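# Geometric and topological summary
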Amino acid sequence: MGYLLTLTALRRVRGFTLVELMIAVAIVGVLVSLAYGRYQDYRERIKVKTAIMDIKVLGVLVTDYQQSNGHLPSSLADVGNAGKTDPWGRPYVYQDVTVPGGHGAARKDHALNPINSEFDIYSLGRDGVTRKQLTQRDSLDDVVRARDGAFVGLASDFTS
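Just so we're clear, the structure is a prediction, and the values are computed from it rather than from any experiment.

Across all of its chains, the model carries three salt bridges by this definition. A salt bridge links Asp138 to Arg131; its shortest N-O distance comes to 3.1 Å. Arg131 sits in the partly exposed class, given a relative accessible area of 40%. The partner of Arg137 in a salt bridge is Asp138, and the shortest N-O contact between them spans 4.0 Å. For Asp138, a relative accessible area of 16% puts it in the buried group. If you follow the salt bridges from partner to partner, you end up with Arg131, Arg137 and Asp138 in one network.

Listed below in structure tokens is the structure:
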């Protein structure tokens, strides 16, 4: 009889109950969902930083072109970057705002003043939607060049 009790007690110790397994799986699921969210945030920050660096480089290329040729390029193709895409897979937007009517196409701050005096380069950001005024909801995730290159970053971080 003592042998049977010991054998039964041993069987209980060896395995997990269904409830214990379900609790363990739930805990692992919560940890994975938290880690995945943080990973997605990290990936988005990396994409924004990549777009910032790309825009800075494109700005230098456009400025060098202007100094060499006496005028701004008509497109990014003129500086060897035709079809260059941002980290979200969309082409960067370049606009010469010195051409007649160019200020109407320029990106604007909260007071509707153009954010650049010569050219705009920007990414449409994560959502791929934009508006001319940076403070509008659709533009807040755009990565922009402003103050003639003194600021490059998220439109939501730009204050005029």
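Still to come is the rest of the account.
Across all of its chains, the model carries two aromatic pairs by this definition. Their ring planes at 55 degrees and their centres at 5.3 Å tell us that Phe151 and Phe158 sit as a pair that is tilted. For Phe151, a relative accessible area of 16% translates into the label buried. What makes Phe158 buried here is its relative accessible area of 11%. Above the face of the Tyr122 ring, Arg107 is positioned so that its terminal group lies 4.1 Å from the ring centre.

The rules behind each value
Residues numbered from 1 in each chain as written. Predicted model: local features only at pLDDT ≥ 70, side-chain atom pairs only at ≥ 80, totals over all residues. Heavy atoms only, no water. Salt bridge = Lys/Arg side-chain N within 4 Å of Asp/Glu carboxyl O. Buried < 20%, exposed > 50% of the residue type's maximum accessible area, 1.4 Å probe, protein only. Phe/Tyr/Trp six-rings, centres within 6.5 Å; stacked < 30°, edge-to-face > 60°. Lys NZ or Arg CZ within 6 Å of the ring centre and 35° of its normal.

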